[in-house]
Amino acid sequence: MLIVRSVPSSKRWQEISARRMELIQTLIEETLLNNVDYIFCLDVDSKFHSRWGTESLGGLVAVIHPGYYQDDRSKFPYERRPSSRAYLAPGEGDFYYCGGAFGGLLVEVHQLAKTCRKNFEDDAKENIEAAWQEESHLNR
Ligand SMILES: CC(=O)N[C@H]1[C@@H](OP(=O)(O)OP(=O)(O)OC[C@H]2O[C@@H](n3ccc(=O)[nH]c3=O)[C@H](O)[C@@H]2O)O[C@H](CO)[C@H](O)[C@@H]1O
Ligand SMILES: [Mn+2]
């Protein structure tokens, strides 16, 4: 069964992209909690190039960003301003994960979405937006 839900638009793509965390949090709280075990969140333009199976059913699962998998950690576009809640210091972080594909156990993803949303919104109150919005908070 496929259910299509419409989402609010925005003038800024940054806002549309970032609001996915709020959408995921709300969807989980309103309909999925106690009904499903796992959730995966993908960009609508995602393409599958080979099999994606049950091996991905982990606690929290992320996908290494296709643009940075060969790069040294110092090249990752993490948020580098300490005033942002998405800040990662030099030497911190393992890989650079993409914002367009992540998932895992529902309760874990719920926690992740809630945290990323709160940190994004708390940053916004202080007029700061992380370099790659929710993707930066996901990497944090
Ligand atoms: C591989 C990967 O992870 N790519 C990331 C990259 O861009 P992408 O180039 O993959 O960004 P994109 O144009 O696919 O936009 C991200 C997603 O936001 C949604 N959307 C976007 C525009 C719109 O008008 N309506 C709408 O619904 C849609 O699901 C889309 O797939 O950088 C973005 C910055 O925000 C996100 O971090 C993406 O996830
Ligand atoms: Mn995309």
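Looking up the protein chain in an unreviewed UniProt entry gives the name Globoside alpha-1,3-N-acetylgalactosaminyltransferase 1, with the organism given as Ilyodon furcidens. Listed under Subcellular location (unreviewed entry) in UniProt, the entry text for the protein chain is "Membrane". In UniProt, the protein chain has this text filed under Sequence similarities (unreviewed entry): "Belongs to the glycosyltransferase 6 family."

Overview of a nonpolar patch on the surface
Side chains of L42, F48, W52 and V63 sit close together on the surface and give an oily, nonpolar patch of about 350 Å² of accessible area. Within the secondary structure, V63 is located in strand 2 (residues 60–64).

Quick word on the layout of surface pockets
The calculated volume of the largest pocket comes to roughly 1200 Å³. Per element, the largest residue contribution to the lining of the largest pocket is seven residues, and it comes from helix 2 (residues 20–32). Taken together, the residues of the lining of the largest pocket break down into 19 nonpolar, five polar and seven charged. The computed volume of the second largest pocket comes to approximately 520 Å³. Taken together, 27 residues line the second largest pocket, and the ones lying closest to its centre are D43, P66, C98, G100 and A101. Looking at side-chain class alone, the lining of the second largest pocket contains 13 nonpolar, eight polar and six charged residues.

Quick notes on the coordination of the manganese ion (ligand 2)
Four donors placed tetrahedrally around a metal ideally meet at 109.5 degrees, and six donors placed octahedrally ideally meet at 90 or 180 degrees. Coordination sphere of the manganese ion (ligand 2), protein contribution only: D43 (OD), D45 (OD) and D45 (OD), at 2.1 to 2.7 Å. Residue D43 is classed as partly exposed on the basis of its relative accessible area, which comes to 29%. Residue class for D45 comes out exposed when judged on its relative accessible area of 59%.

Section: the pattern of salt bridges
The full count for this structure, using the stated rule, is 14 salt bridges. Taken together, the salt bridges that share partners define one network made up of R19, E22, R117 and E121.

Thoughts on the site of ligand 1
Close contacts around ligand 1 come from 14 residues, with S17, D43, D45, C98 and G100 the closest. D45 is positioned such that a nitrogen or oxygen atom in its side chain is 2.9 Å from an oxygen atom of ligand 1. Within the backbone of G100, one N or O atom sits 2.8 Å away from an oxygen atom of ligand 1. Taken together, the residues that form the shell around ligand 1 break down as five nonpolar, four polar and five charged.

Focus on helix 2
With 13 residues, helix 2 ought to run about 18 Å at 1.5 Å a step, yet its terminal C-alpha atoms sit only 16 Å apart, falling short of that. Restricting attention to buried positions, one finds in helix 2 the residues R20, M21, E22, I24, Q25, I28 and L32. Positive backbone phi, approximately 70°, marks N34, located one or two places after helix 2.

Looking at the state of the cysteines
Throughout the structure, instances matching the rule amount to zero disulfides. No disulfide involves C41; its nearest neighbouring cysteine sulfur is the one of C116, lying 11 Å away. Of the residues examined, C41 reaches a relative accessible area of 11% and is grouped as buried.

About the thresholds
Residues numbered from 1 in each chain as written. Chains lettered and ligands numbered in written order. Predicted model: local features only at pLDDT ≥ 70, side-chain atom pairs only at ≥ 80, totals over all residues. Heavy atoms only, no water. UniProt positions renumbered as here; feature names shortened; annotations may be inferred. Patch = residues over 30% accessible without salt bridge, like charges linked within 9 Å, V, L, I, M, F, W, Y side chains within 5 Å. Areas by Shrake-Rupley, 256 points an atom, 1.4 Å probe, with all protein chains shown as cover. Salt bridge = Lys/Arg side-chain N within 4 Å of Asp/Glu carboxyl O. Helix = DSSP H or I, 4+ residues; strand = E, 2+ residues; numbered from the N terminus. 1 Å grid on protein atoms, 1.4 Å probe; cavity = no way out; pocket = protein on both sides within 12 Å on 5 of 7 lines; lining within 4 Å. Points joined across faces, edges and corners; volume = space filled by probe spheres on them. Nonpolar A, V, L, I, M, F, W, Y, C, P; charged D, E, K, R; others polar. Donors = N, O, S within 2.8 Å, 3.2 Å for Na, K, Ca; no water. Buried < 20%, exposed > 50% of the residue type's maximum accessible area, 1.4 Å probe, protein only. Near = heavy atom within 4 Å. Polar contact = N/O pair within 3.5 Å; in protein donor to acceptor, adjacent residues only side chain to side chain. Expected span 1.5 Å × (residues − 1). Disulfide = S-S within 2.5 Å.

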